[in-house]
Amino acid sequence: MSKYKLLWKYLKENNQPSYNLTFDEIKIILGFKLDHAFLTYKKETKDYGYKVDKISLKESRVIFSKLEE
């Protein structure tokens, strides 16, 4: 099981067309801070119907969008 499963579940259950989440918001969802492993695990979002559009270290944000069906 991925350590990011709670985040993927959050995306899927809330079913928004896109998300613009701060690192702090993601920390609240996951219970821990994002780390470099996120770059490896971000491909898992496709299994939950989303993709990572952008990771902004400067703005401390991750932008996700729903995959088109």
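Please refer to the structure placed before this passage.
Now for a description of the structure that goes with this document. (Residues numbered from 1 in each chain as written. Predicted model: local features only at pLDDT ≥ 70, side-chain atom pairs only at ≥ 80, totals over all residues. Heavy atoms only, no water.)

1. Some details on the overall build of the protein
Here's step 1: For the protein, the count of helices and strands is three helices and three strands.
Here's step 2: If you list the helices and strands of the protein from N to C, you get α-β-α-α-β-β.
Here's step 3: What you see for the protein is a C-alpha radius of gyration of 11 Å, in line with the 11 Å of a compact globule of 69 residues.
Here's step 4: Considering only C-alpha atoms, the protein reaches an extent of 30 × 25 × 20 Å along its principal axes. (Helix = DSSP H or I, 4+ residues; strand = E, 2+ residues; numbered from the N terminus. Rg over C-alpha atoms; globule rule 2.2 N^0.38 Å.)

2. Comments concerning the sheet that holds strand E2 (residues 50-56)
Here's step 1: What the three strands build is an open sheet, ordered E1-E3-E2; its pairing is antiparallel. Looking at strand neighbours, the two that pair on one side only are strand E1 (18-22) and E2, the edges of this open sheet. Within the sheet, the average angular offset between the axes of one strand and its neighbour, ignoring direction, is 20°.
Here's step 2: This element, helix H1 (residues 5-14), spans E1, E2 and strand E3 (61-66) of the sheet and lies at about 140° to E1.
Here's step 3: Across the face of the sheet, helix H2 (residues 23-30) comes into contact with E1, E2 and E3 while running at roughly 95° to E1. (Pairing = 2+ DSSP bridges. Axes fitted to C-alpha atoms, helices over the stretch in contact; angles between N-to-C directions. Contact = heavy atoms within 4.5 Å.)

3. Quick word on the packing of aromatic side chains
Here's step 1: Applying the stated criterion across every chain yields a total of eight aromatic pairs.
Here's step 2: Note on Tyr-10 and Tyr-19: the rings are 5.8 Å apart at their centroids and 50° apart in plane angle, and the pair reads as tilted.
Here's step 3: Of the residues examined, Tyr-10 reaches a relative accessible area of 30% and is grouped as partly exposed.
Here's step 4: Taken together, the aromatic side chains of Tyr-4, Trp-8, Phe-32, Phe-38, Tyr-41 and Phe-64 make up a single cluster linked through ring pairs. (Phe/Tyr/Trp six-rings, centres within 6.5 Å; stacked < 30°, edge-to-face > 60°. Buried < 20%, exposed > 50% of the residue type's maximum accessible area, 1.4 Å probe, protein only.)

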